[in-house]
Amino acid sequence: MQHATVITTFSRRMRLRLADGQEVDARIKGKRVKPVCGDEVEAEPIQGETDWLITRIAKRRTELTRPNMRGQVEVLAANMNYMLVVAAAEPAADWFIVDRYLCAAEVMEIGAAVAYNKIDLGVAPPADELDTYRDIGYDVIACSAESGDGIPELLRLLEDRLAIIVGQSGVGKSSIINRILGFDAQRTAEISDKSREGRHTTVNSSLIALPGSGSIIDSPGVRDYAPALDSSALAARGFREIHEAAAGCRFTNCRHLREPGCAVKERCENGVISARRYQSYKRIVNLTEQLSEGRY
Ligand SMILES: Nc1nc2c(ncn2[C@@H]2O[C@H](COP(=O)(O)OP(=O)(O)OP(=O)(O)O)[C@@H](O)[C@H]2O)c(=O)[nH]1
Ligand SMILES: [Mg+2]
Ligand SMILES: [Zn+2]
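Please read all numbers here as calculations on a predicted model, not as lab measurements.

Calculation notes
Residues numbered from 1 in each chain as written. Chains lettered and ligands numbered in written order. Predicted model: local features only at pLDDT ≥ 70, side-chain atom pairs only at ≥ 80, totals over all residues. Heavy atoms only, no water. Helix = DSSP H or I, 4+ residues; strand = E, 2+ residues; numbered from the N terminus. Rg over C-alpha atoms; globule rule 2.2 N^0.38 Å. Buried < 20%, exposed > 50% of the residue type's maximum accessible area, 1.4 Å probe, protein only. Areas by Shrake-Rupley, 256 points an atom, 1.4 Å probe, with all protein chains shown as cover. Lys, Arg positive; Asp, Glu negative; His and termini not counted. Charge placed at Lys NZ, Arg CZ, Asp CG, Glu CD. Pairing = 2+ DSSP bridges. Axes fitted to C-alpha atoms, helices over the stretch in contact; angles between N-to-C directions. Parallel < 35°, antiparallel > 145°, perpendicular 65-115°, else oblique. Left-handed = near helix turned anticlockwise from the far one by under 90°. Contact = heavy atoms within 4.5 Å. Arc of directions from axis to C-beta. Domains from an automatic or database assignment. Core = buried A, V, L, I, M, F, W, Y, C linked by side-chain atoms within 4.5 Å.

A. Structural context of the overall build of the protein chain. When its secondary structure is counted, the protein chain shows seven helices and 13 strands. Taking 296 residues into account, the globule formula puts the C-alpha radius of gyration at 19 Å, and the protein chain, at 20 Å, falls close to it. With respect to the principal axes defined by its C-alpha atoms, the protein chain has extents near 70 × 45 × 35 Å. Counting over 296 residues, the protein chain shows a buried share of 48%. Counting only carbon and sulfur atoms, one obtains 45% of the accessible surface of the protein chain, whose full area is about 15,300 Å². Taking the 39 positively charged and 41 negatively charged side chains of the protein chain as two groups, their mean positions are separated by 6 Å.

B. Highlighting the pairing of strand S1 (residues 2-9). Most of S1 sits inside the fold, with six of its eight residues counted as buried. The pairing of S1 with strand S4 (residues 40-45) spans four bridges and is antiparallel. By the bridge assignment for S4, Thr5 is matched with Glu40. Here five bridges tie S1 to strand S2 (residues 13-18), and the two strands are oriented antiparallel to one another. The residue of S2 that forms the bridge with Thr9 is Met14.

C. Local environment of the packing of helix H1 (residues 95-108) against helix H7 (residues 275-292). The N-to-C vectors of H1 and H7 enclose an angle of 65°; their axes lie 10 Å apart at closest approach. Compared by their axis directions, H1 and H7 come out roughly perpendicular. By crossing handedness, the relation of H1 to H7 is classed as right-handed. Counted together, Trp95, Phe96, Asp99, Arg100, Leu102 and Cys103 of H1 and Arg276, Arg277, Gln279, Ser280, Arg283 and Ile284 of H7 form the full contact between these two elements.

D. View of helix H3 (residues 151-158). Along H3, the residues that are buried comprise Ile151, Leu154, Leu157 and Leu158. Buried residues of H3 fall within an arc of 115° about the axis and therefore sit on the same side. Lining the buried residues of H3 we find strand S8 (82-88), strand S9 (111-117), strand S10 (139-142), strand S11 (162-167), helix H4 (173-181) and strand S13 (215-218). Looking one or two residues past H3, Asp160 carries a phi angle of roughly 65°, positive in sign.

E. Looking closely at the domain arrangement of the protein chain. You can read the domains of the protein chain as domain 1 (2-59), domain 2 (64-218) and domain 3 (232-292). Relative placement of domain 1 and domain 3: their C-alpha centres are 41 Å apart.

F. Looking closely at the nonpolar core. In terms of nonpolar packing, the biggest core is built from 32 residues, with Leu64, Met83 and Tyr133 touching the most fellow members. The dominant element in this core, judged by the number of residues it contributes, is H1, at eight residues. For Tyr133, the residues in contact, after removing those within four places along its chain, are Trp95, Val98, Asp99, Leu102, Val114, Tyr138, Val140, Arg276 and Arg277. Val86, Ala113, Ile151 and Leu154 belong to the second-largest nonpolar core, a separate cluster that totals 23 residues.

The structure is reproduced here in structure tokens:
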């Protein structure tokens, strides 16, 4: 038996990095539990096979979740303690998606940063949006996987951490990792592969060791993302500035929607809290209520 970390998952199989550094393929008995990237497991060799068998999954420190089509909670990755949310000039940034990822990071109680990639394209970075995140207290880095600008700063943020890199498809998550590593560990959209059609983007999450002491989970890009929250009350925890302002609300169970004496609404009206962030908050409250009522 050996301790191991799940570094990639395919539908029924996993790739493990064993405690001794060796990488092996593995599977798990039964279908009830599904190991995800970042999971700590115990595994043992199977006689007469190259596959190993996963016998136990350790309790997860953190889980990145989303609701799946059937309204169940899907775990995307485990045990990360940092999140790097990437947006870019192209495809056009969807700040609501950025907010929903940051919300997930807050609820997991892990640190997060926003990277604005592809600054080499010559489009001025959206200073207003980026300042909003800076003012809330997030690290914000404008970067280019193409030119290398901002990449050393990003690497510094990832030191000693198990991070996950997330964002819309095509923003350059895998390219940023390749740039940090200095070689093409991860496939990116430009690499063509005759055996497959279309653009080559990341399909499976995988955990990659970075130079120095950090690791990062490269995740497949999304069209949309929302965290699976246990209750809409949790949504306010996902927005640092709203959570902070909430201490001043008249009612301790204020949902910051239509309640009188709401300090959050007051700060929105005064422009202290960004109207767009507040809109994001309301959308997550709505979505979480729809989910809990099975209307999603
Ligand atoms: N100009 C420019 N292009 C970039 C930069 N970073 C990535 N790209 C290009 O953007 C496209 C998408 O890059 P990927 O790294 O595959 O994006 P991704 O976020 O990993 O996409 P998914 O795996 O689908 O989620 C590729 O054509 C890259 O070459 C950058 O900094 N500048
Ligand atoms: Mg990718
Ligand atoms: Zn309130």
